[in-house]
Amino acid sequence: MLILRYRILWNSLRQSPGTALVGFFLALGLSYLVWSGTGWFLAYLEGTLRSNPVTALVARFQFQVIAERMLGSLLLVLSSSVILSALPNAVAVLFASEDLPLQLALPQPARRVFLFKVGEVFATTALIPTLFVLPILFAFGQHFGAPPLYLVGAPLVAVALFAFPVVVGVALALPLVRYAPAGRAKEWAAAIGAVLGGLLILLLRVLRPEVLLRTNFADPAELDRFLQSFRDVAAPFLPSALAQDALMGLIQGRLEGEFWGLVGLSLLLLAVAGGVAGYAYQQGWVRALEGTVRERGMVRPGFFDRLAGIHLAWALWVRDLRLFFRDANQAAQLILVGVLVLLYTSSLQFIPLPDDNPLLQERIKTVIGFLHLAFQGFVISGVGVRLAYPLYSLEGQGYWMVQTAPISRAAILLTRFGLALFFLLPLGVLLGYFSPQVIDLRGGLTEISVLLGIAAAIAAAGLGVGLGTAFPRFDAANPAEIPIGTGGLLYMGLALLHSAGLVILAARPVYLSFTQPGLNYLGSPEGGLWLGLLLVFTLLPAGLALLYGYRRMGRSA
């Protein structure tokens, strides 16, 4: 099985050697940047601490404590983030992969097949995080003068650390493929992964990494507050704490008990996970992956059924909504969008502001609010490329069935535009309203923020649906692949340009609110003209994109 995977990889590299070389050198350059950046930060932090009026021994101790806490927190966050994809990948690779029946038909024990499959889950889930963390670990080792033993032990520690979330993903997949509704195991795995993403964001807020940006390490009082606030949440029994202790021992040239415990326990758990998964599969434990239909008899029409009976346009809209949520990845993305909004708004609350100068504090808030107007449009544009742009291509091969129905192209296009607004308008309103409230903006900037959020949502919906219709990909294996191409790049470029234009348009009211506090700009004659200009700047790109998509519908299909 390993030889087969090796030959597949080698043939892929032979077919496109140029792409492989470009990817290799990009990865090498990124690794160098991470390594050099980590080394620079450690040198800067140690130099700042040595400038304190304390002895060199105390400064060295302080630096080591801070470095250990940062390393432990980083390992905790990275290993926790792997769980987000470990569960869906475990379901897809262990129990739903297309080559699993072929491998089980080979003359070899099923236990060996599932051990190999657990290794595949690790490769698809944790290989990239492992390669990302290695330059950081090597930079730590170089700064502390680690011996050559560290170069061998650090990669083993990284692999062993990320094996634990893979085992957690396999353990969660076992009850999921048993008790989830038939044919819905992948959907439930994606939803649980999205919930775990929210818990990861809560973990980031507990760690409070923004404290690093607000601390003057040359001040002993601030250093003491940093050690209290930048909490060491890595309990001794967590794998990240074992990895932290093992790495610090390797830096000193010793193989501590934590090293052997971490490596040994990870190997044992991976072996147990493979054995249990193979045994469960052979005993018929896996049931949720088989699609079955439960006879329900005659049921009363629900809300959406009654809505679909009002008019043909409503029927199309309800159909598109159900088609969207039928894909687990799309439904999970909505949950992740909510998590990102929570992260975005909560992060604004922790931006450092001067407490001793109210006037300067108010001005900084205004500047932050102006920057928020820019990032708000960028966030909505980024969400639109995943939610609005693929709507037309989600039809797949069933597009030709729709063409045989007495439905106009305009109706198909506008119902998808309405569905995109259904997703993006609430996002624009929430970002536009709550973000200024979090940073306590005044002077009518909240109303302007809401208006710009709505404008960005309408433009992103129009551009996404229009360009997605003009450049469809009905044969895409995954909705995430649909924006990859000319249309997706064109959408992102135009959407970002529109967001930048909104910022330029908002410069005048923001400046007046800064220089004339209490001014009701939107109620003035100039404010009415500004609203008209905003309306034109919003509807024009959306309308042109929809018209372009309408004209290309027949040819692009």
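Up top is the structure these notes are about.
Residues numbered from 1 in each chain as written. Predicted model: local features only at pLDDT ≥ 70, side-chain atom pairs only at ≥ 80, totals over all residues. Heavy atoms only, no water.

1. Some remarks on the packing of aromatic side chains
What counts is decided by this rule: Ring pairs are drawn from Phe, Tyr and Trp, using the six-membered ring of Trp, whenever the two centres fall within 6.5 Å, and their geometry is named by plane angle: stacked under 30 degrees, edge-to-face over 60, tilted for the rest. Lysine and arginine charges are scored as sitting over a ring when NZ or CZ, respectively, is within 6 Å of the ring centre and within 35 degrees of the ring normal.
What the rule picks out here adds up to six aromatic pairs. With a centroid separation of 5.2 Å and an interplanar angle of 80°, the aromatic rings of Phe 259 and Trp 260 are classed as edge-to-face. Lying over the aromatic face of Phe 471, Arg 552 brings its terminal NZ or CZ to 5.0 Å of the ring centre.

2. Considering helix α1 (residues 2-15)
Formally: By the criteria applied, helices consist of DSSP H or I runs no shorter than four residues and strands consist of E runs no shorter than two, each listed in order from the N terminus. A helix is expected to span 1.5 Å multiplied by its residue count minus one. Three labels apply to residues, based on accessible area from a 1.4 Å probe with only protein chains included: buried if under 20% of the type maximum, exposed if over 50%, partly exposed otherwise in between.
Over its 14 residues, α1 runs 20 Å from end to end, which matches the ideal 20 Å to within 8%, given 1.5 Å per residue. Burial analysis of α1 places just zero of its 14 residues in the buried class, a small minority of the element.

3. Quick word on the pattern of salt bridges
Formally: A side-chain nitrogen of Lys or Arg and a carboxyl oxygen of Asp or Glu constitute a salt bridge if their distance falls within 4 Å.
Within this structure, the stated rule accounts for three salt bridges. Residue Lys 117 is joined to Glu 120 by a salt bridge in which the shortest nitrogen-to-oxygen separation is 3.5 Å. With Lys 117 and Glu 120 both in helix α5 (residues 110-143), this residue pair falls three residues apart, about one helical turn. Across the salt bridge formed by Arg 254 and Glu 256, the nearest N and O atoms sit 2.7 Å from each other. Exposure remark for Glu 256: the relative accessible area of 22% places this residue in the partly exposed category.

4. Side note on the packing of α5 against helix α11 (residues 257-282)
Heads up, the rule is: A fitted line through C-alpha atoms serves as each axis, taken over the contacting stretch for helices, and the angle formed by two N-to-C directions is quoted from 0 to 180°. Here the angle decides the label: under 35 degrees means roughly parallel, over 145 means roughly antiparallel, 65 to 115 means roughly perpendicular, and every other value means oblique. Take the far helix as the reference: if the near one is turned anticlockwise from it by less than a right angle, the crossing is left-handed, and if turned clockwise, right-handed. Contacts are residue-level and defined by heavy atoms, with any inter-residue pair within 4.5 Å sufficient. Note on residue categories: nonpolar means Ala, Val, Leu, Ile, Met, Phe, Trp, Tyr, Cys or Pro, charged means Asp, Glu, Lys or Arg, and polar means any other residue, Gly included.
Two elements in contact, α5 and α11, have axes separated by 8 Å at closest approach and are oriented at 125°. Comparing the axis directions of α5 and α11 gives the class oblique. For the crossing formed where α5 meets α11, the hand is right-handed. For the pair α5 and α11, contact is made by Ala 110, Phe 114, Leu 115 and Val 118 and by Leu 270, Ala 271, Ala 273, Gly 274, Gly 275, Ala 277, Gly 278, Tyr 281 and Gln 282, respectively. Its residues placed into classes, the contact of α5 with α11 shows nine nonpolar, four polar and no charged.

5. Remarks on helix α10 (residues 239-251)
Here α10 contains 13 residues, and its C-alpha end-to-end distance of 18 Å stays within 8% of the 18 Å for a straight helix at 1.5 Å per residue. The buried fraction of α10 amounts to ten of the 13 residues, a majority that puts the element mostly inside the structure. All of the buried residues along α10 are Ser 240, Ala 241, Ala 243, Gln 244, Ala 246, Leu 247, Met 248, Gly 249, Leu 250 and Ile 251. The first or second residue beyond α10 is Gly 253, which carries a positive phi of 85°.

6. Examining the nonpolar core
Put simply, the test is: As used here, the term nonpolar core means buried Ala, Val, Leu, Ile, Met, Phe, Trp, Tyr and Cys residues forming a set that is joined through side-chain atoms within 4.5 Å.
Core analysis: the largest hydrophobic core is formed by 57 residues, its most contacted members being Leu 94, Phe 95, Leu 137, Phe 140, Tyr 150, Val 157 and Leu 247. Among the secondary structure elements, those contributing two or more residues to this core are α2 (17-50), α3 (56-95), α5, α6 (149-179), α10 and α11. At 15 residues, α6 tops the list of elements feeding residues into this core. Residues contacting Leu 247, with those up to four places away along its chain left out, are Leu 71, Leu 75, Leu 137, Tyr 150, Ala 154 and Val 157. One finds Trp 317, Ile 458, Tyr 521 and Leu 546 within the second-largest nonpolar core, a separate group that totals 51 residues.

7. Topic: the environment of Gly 257
Tracing the sequence through the fold places Gly 257 in helix α11. Sequence separation between Gly 257 and Asp 245 is twelve residues, and the spatial gap between their C-alpha atoms is 9.1 Å.

8. Observations concerning the side chain of Gln 376
The condition that has to hold: Counted as a polar contact is a pair of N or O atoms within 3.5 Å, where, for protein atoms, one must be capable of donating a hydrogen and the other of accepting one, and residues adjacent in sequence contribute only when both atoms are in side chains.
Looking at where Gln 376 falls in the secondary structure, it is placed in helix α15 (residues 358-387). Judged by relative accessible area, which is 1%, Gln 376 ranks as buried. A polar contact is formed between the side chain of Gln 376 and the backbone nitrogen of Gly 432, at a distance of 3.1 Å.

9. Here we look at the side chain of His 498
On the secondary structure map, His 498 appears in helix α19 (residues 486-515). Relative accessible area serves as the criterion here: at 6%, His 498 is assigned to the buried category. Among residues more than four places away in sequence, those in contact with His 498 are Ala 455, Ala 456, Ala 459, Phe 537, Thr 538 and Pro 541.

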